[in-house]
Structure formats: structure tokens, C-alpha cells
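Each chain, letter by letter, is given below.
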Amino acid sequence: MTLNDTIAAVSTPRGKGGIAVIRISGSEAFAIAERVFEPMGTKRLSELRGFTAAYGKMYRDADRTKAPIDDGVATVYRSPRSFTGEDTVEISCHGGLLCTENLLAAVLAAGARHAEAGEFTRRAFVNGKMKLSETEALANLLEAKNASQLKLARSGMEGKIEKKCDGIYENLRSVLAALYAKIDYPDEDLAEIGNEEMLESVKTAAAEIQALADTYSSGHAIAEGVKTVICGRPNVGKSSLYNAIVGRDAAIVTDIEGTTRDVLEETASLGGVTLRLCDTAGLRVSEDKVEMIGVKRAYEKLEEAELVLAVFDGSLPLSDEDRELISRLSCRKDSVVAVINKCELAPIADRKELLEVFGEVVEISARSEDGIDALAKAVENRYLNKELDLENDAVVFGARQYAALSRALEELHAAEEILNGKYGTDAAAFAVEGAMGARAELDGRQIGEDIVSEIFSHFCVGK
Ligand code: GDP
């Protein structure tokens, strides 16, 4: 991948549509677009001002010997005022598959290289149009499936996290300057900030970064999704609950025990939380070899899960298998929501016993979907901080961002210790600089090429 050539790709989804857009970006964008697009007016595309459009015809060859491929509109963007920061032309043609392919082929024949996945956005990042977490927010915006994800992505695209960090780091910069002054001129009393004041600044910065890092549990639950496992003994209604949450008949529901043998996985929204949901085989001992493989997998999934929806059949007393599960989960109660299903039938299962162990029990009927709202509330209460305003607050939504903040925190705590113990100024400067470095990692100023490639590979071609 080079960053100097001109790239092109279809930027609209593949398939039939009213229009399709082909984006051409790079120093040769106007020249290439002019080879395939002939405006009806007197001005050539390269003569148009930025943000203006021209109607015209599209051709396969610069000599115009063959009939036009299509007609449509070309919009011109001039560097640096475009998505990528480069000269860009977006040609809208009719959205038929063949029509779009013909136009793309003509653009490539005219000298553009086919863009790789995420390459337009990568150029926007490299050219300083977007910070790294803004591009990550953009990826989430394209994938957003519920209102919380959309709000979070929109606010991420406004660079809220970077702005918050900028404020925090302004103070640290003066601490660092003071430390350097002490190192360079140890005998002179040059530092404007004393030790006490430096310590205070470092502590404040650490507290603010901690507060920002704490938003990750909500951000993760919304954007990345919580690894969730539905478990319980056979026939309690796990598959019915799975279907109720994913909103379709994805899992087979029968009254025959041991039907679910493999692990089913799907991403679904429950209230404002995104669940990476697994339905698992009913937990019991069986003679059936295949079923037991399913049970083994269920236990493995249980170990990895961030959230367990432990389902019990309300119409029956708790069995030995239920109690086995309860005891297995009792040491990780914070990640368990106990669910009593079939609550429209006469309740028999010992609700009190479950309540004592898990502190909270949600009663549902997976069949009629009664109580699913209450389940959503219980899950939201665990993962979403109600005080957070997703549209206006800085909310950390990615593991990479969280890791950078955690590193910054470690360095600041080290700096705090050093300043407290009145160790060498050099060591304190080193730690504060480390924290500043972690911040540069967050917005992508100081990040490895391999990580950048990994981030952009998740985009689709054309974005
Ligand atoms: P799994 O084996 O735990 O996955 O349970 P299923 O979802 O396959 O359900 C087992 C049986 O219980 C089926 O006959 C379902 O129709 C029934 N069932 C599931 N949920 C409910 C419910 O809320 N009320 C009642 N009465 N029956 C249910």
C-alpha cells in the first residue's frame, strides 16, 4: 500500500440501488475522473470549485469512441477539504450492479488503483483529518444496530475522548517542563512549579484519566458487546430465551431434552446493551456422546463469559442439576443474572434460594416474552452507568483506547510515588513522559504501523 497513488472504489453497498457512488481520491483524481466523465456544461471537472457538482456522461475510453456507459453526477472536493484530505471526485451513477462495475472498471483503466479495505479512512487519518479513535468511532457508526451504539459512535466521531485528554495533558505538560528545568539547571531555582504542586497536578491527571477509563465498562457493553452465555439444564427454555433476545427463531425449541448440542452465537441488543450471545447445550450428564461434547463446550463458554444468564424452570422444583449450576456460579455472582422462566405457569421453583445466592432474580416467560424488559433493565443496570450522557460525555468504547489509558495511569501512579518519595527528578520526568506517550498512542500520533493496519482492515472497501 502506498499513500501517493490515486485510489478508487465503489463506496455504496454492493447490490441494486437507485444510485451507486464511486469515490476517486488522490493527486490524479481530477485527471482520472475527466478521462471517464464528460460534464454537460462548459467547465471541466478540474475547473470546478470544491463542493460543486456537474451532470454528465460516463465513458469507457478517453477518446469517447464507444457509447456512454451511463449518465449521472460528479461531485468535486478539493484538497484539503475532502474526507481523505486529498483531491477527490465522487461519481454517482445508476445503481445497477453491471452499470457500477463498468464505471469502476473504466476508472481503474483510466489510472486509479482499486482501494483496499478502509484505505479512504486511513488516508483521512494519515492526512490529519481524523484522529485514530474518531476513525474507530466511524467504523462503529457504520455497524450501529441500536440507538445507544449510534449515539456513542456519533460522539466518538466528534473527538470527545481526545478533547478530554487534551485538557488533562495540558497540566502534565507544564509539570514536565518544570521537571526538565530542574534537570537542566539543578542549581538555579527556575522551576515555576514546586514539588507539591507537581504532585497535585499528577494526582489530578490520574484521577481524571481513571474517571475516563471507568467509562469503558459502559462503552464496551454498547460498542463491542458483552460475551454472554445462556445456560441451564435441558428444557428450562434457554433456546426460547435466545430466540426472544435475537428476535427470530434461530435456535430449535422442542420439549425433547438435549436438542441444542452445538453452541449458537449471535450479536443482539438487549435494552441499550449489546450482547454477543451464546445458546448452549443443557447441562446434564447423558449417555449420548454428541450431547456430552455439547455439554463440555457449554462449560468452556461459561468460563469465558462476561455475563451468564442462568435459566431455571419456574414450573418445577430446583433439581440437582440446577443446584450444581448454582454452586458453580456462586463464586462469580457479579457476572450472573438468575432467570426464572415459564413464570406464567404455577410457580414452584424456589425463588428464595436463588435470591439468596444471586441477590436478584428476574422472572420471565420466554414463550410470551413477558419479563424480557425487566431482564433488559437488570442487564443495563450492571453494565450501563446511568449518569453517563452518551451524546455529550467522553466515553471510551474500544479495548485499544482503554489499554492506552491504563498504561497512562500506571505511569502517573509511578510518577506520584517518585514525587512523593522525593527520588530523582529524572525518574519522575521519565514517568510523566511515559504517560504523555500513552496519550499519544490513544489518538494515534504514536502508534505502530501494524496496529494501524489492523484497525483499518476492519472497514469495508470503499470506506
Ligand atoms: P432448552 O432445552 O432449555 O433450550 O429449552 P427450549 O427453549 O427448547 O424449551 C423447552 C420447552 O419449554 C419447549 O417445549 C418450550 O416450548 C417450553 N417453553 C420455553 N419457554 C417457555 C415459557 O416461557 N412458558 C412455557 N409454558 N413453556 C416454555
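Residues numbered from 1 in each chain as written. Predicted model: local features only at pLDDT ≥ 70, side-chain atom pairs only at ≥ 80, totals over all residues. Heavy atoms only, no water.

Section: the sheet that holds strand E6 (residues 88-95)
Operational definition: By definition, two strands form a pair when at least two bridges between them are found by DSSP. Helix and strand assignments come from DSSP, with helices taken as H or I runs of at least 4 residues and strands as E runs of at least 2, each series counted from the N terminus.
Read from one edge of the open sheet, seven strands run E3-E4-E5-E6-E2-E1-E7, paired in mixed fashion. At either margin of the open sheet sits one strand with a lone partner, and together these are strand E3 (37-39) and strand E7 (113-114). Of the pairings in the sheet, the one linking strand E4 (residues 52-58) to strand E5 (residues 70-77) comprises seven bridges and is antiparallel in character. When the bridges of E5 are listed, Met58 appears paired with Asp70.

Thoughts on a nonpolar patch on the surface
Here is the rule: Every patch collects residues that have over 30% relative accessible area and no salt bridge, joining them within 9 Å if they carry like charges and within 5 Å if they are nonpolar side chains (Val, Leu, Ile, Met, Phe, Trp, Tyr). Only the protein chains shown count as cover for residues, with accessible areas throughout obtained via the Shrake-Rupley method and a probe of 1.4 Å. For this document, the term salt bridge refers to a Lys or Arg side-chain nitrogen within 4 Å of an Asp or Glu carboxyl oxygen. Relative accessibility thresholds used throughout: buried, under 20% of the residue-type maximum; exposed, over 50%; partly exposed, between the two (1.4 Å probe, protein chains only).
A cluster of nonpolar side chains, Met40, Tyr55 and Val73, forms an exposed patch at the surface whose accessible area comes to about 280 Å². Note on placement: Val73 falls in strand E5. According to the relative accessible area criterion, Val73 is partly exposed, its value standing at 32%.

Notes on the sheet that holds strand E9 (residues 264-270)
For clarity, the cut-off: To define axes, lines are fitted to C-alpha atoms, for helices over the stretch in contact only, and angles between the resulting N-to-C directions are given on a 0 to 180 degree scale.
Strands sit in the order E9-E10-E8-E11-E12-E13 across an open sheet of six strands; the sheet is mixed. Because the sheet does not close on itself, it has two edges, and the strands there are E9 and strand E13 (361-363). Ignoring which end each strand starts from, the neighbouring axes of this sheet average 30 degrees apart. The sheet contact formed by strand E11 (residues 307-313) and strand E12 (residues 336-341) spans six bridges and is parallel. Across the sheet, Ala310 pairs through a bridge with Ala338, a residue of E12.

Structural notes on the environment of Leu132
For clarity, the threshold we go by: For this analysis, residues touch if any pair of their heavy atoms sits within 4.5 Å.
The topology assignment puts Leu132 in helix H4 (residues 132-143). Residue classification places Leu132 among the buried residues on the basis of a relative accessible area of 0%. When the C-alpha positions of Leu132 and Gly424 are compared, they lie 35 Å apart, and in sequence the two are 292 residues distant. What Leu132 contacts, discounting residues up to four positions off in sequence, is Phe125, Arg400, Leu442, Asp443, Gly444, Ile447, Ile455 and Phe456.

Things to note about the packing of aromatic side chains
Formally: Paired rings are identified among Phe, Tyr and Trp, the last through its six-membered ring, by centres lying within 6.5 Å, and are further divided according to the angle between planes into stacked (under 30 degrees), edge-to-face (over 60) and tilted (the rest).
Summed over all chains, the structure comprises three aromatic pairs. Taking the centre distance of 5.9 Å and the plane angle of 90 degrees together, the rings of Phe51 and Tyr77 count as edge-to-face. Taken together, the residues span a long stretch of sequence, with Phe51 in the loop between E3 and E4 and Tyr77 in strand E5 at a distance of 26 residues. Arranged with centres 6.0 Å apart and planes meeting at 35 degrees, the rings of Phe125 and Phe456 form a pair that is tilted. Linking Phe125 in helix H3 (residues 119-126) with Phe456 in helix H16 (residues 449-457), this pair joins segments that are 331 residues apart in sequence.

A closer look at the domain arrangement of the chain
Put simply, the rule reads: By convention here, the domain bounds are inherited from an automatic or database domain assignment.
Splitting the chain by domain gives domain 1 (7-126), domain 2 (160-215 + 393-443) and domain 3 (224-383). Each of domain 1 and domain 3 has a C-alpha centre, and these two points are 51 Å apart.

What to know about the pairing of E6
For E6, the tally of buried residues reaches seven of eight residues, placing the bulk of the element in the interior. Where strand E2 (residues 17-25) and E6 come together, eight bridges link them in antiparallel fashion. Each bridged residue has a counterpart across the sheet, and for Ile22 the counterpart in E6 is Ile91.

With respect to the site of the ligand
Defined as follows: Any residue with at least one heavy atom within 4 Å of a molecule or strand is counted as near it. What qualifies as a polar contact is a pair of N or O atoms within 3.5 Å, subject to a donor-acceptor requirement within protein and to the restriction that residues adjacent in sequence count only when both atoms come from side chains. Only Asp, Glu, Lys and Arg are considered charged in this grouping, and only Ala, Val, Leu, Ile, Met, Phe, Trp, Tyr, Cys and Pro are considered nonpolar; every other residue, Gly among them, is considered polar.
Neighbouring the ligand are 17 residues, the closest being Asn235, Lys238, Ser239, Ser240 and Glu344. Take Glu344: an N or O atom from its side chain is 2.7 Å from a nitrogen atom of the ligand. Between the ligand and the protein, one listed contact pairs an oxygen atom with a backbone N or O atom of Ala366 at 3.0 Å. For the ligand, whose unbound accessible area comes to 580 Å², protein coverage reaches 90%. The leading source of residues in the shell around the ligand is helix H9 (residues 238-246), at three residues. Looking at the shell around the ligand residue by residue, the class counts come to five nonpolar, seven polar and five charged.

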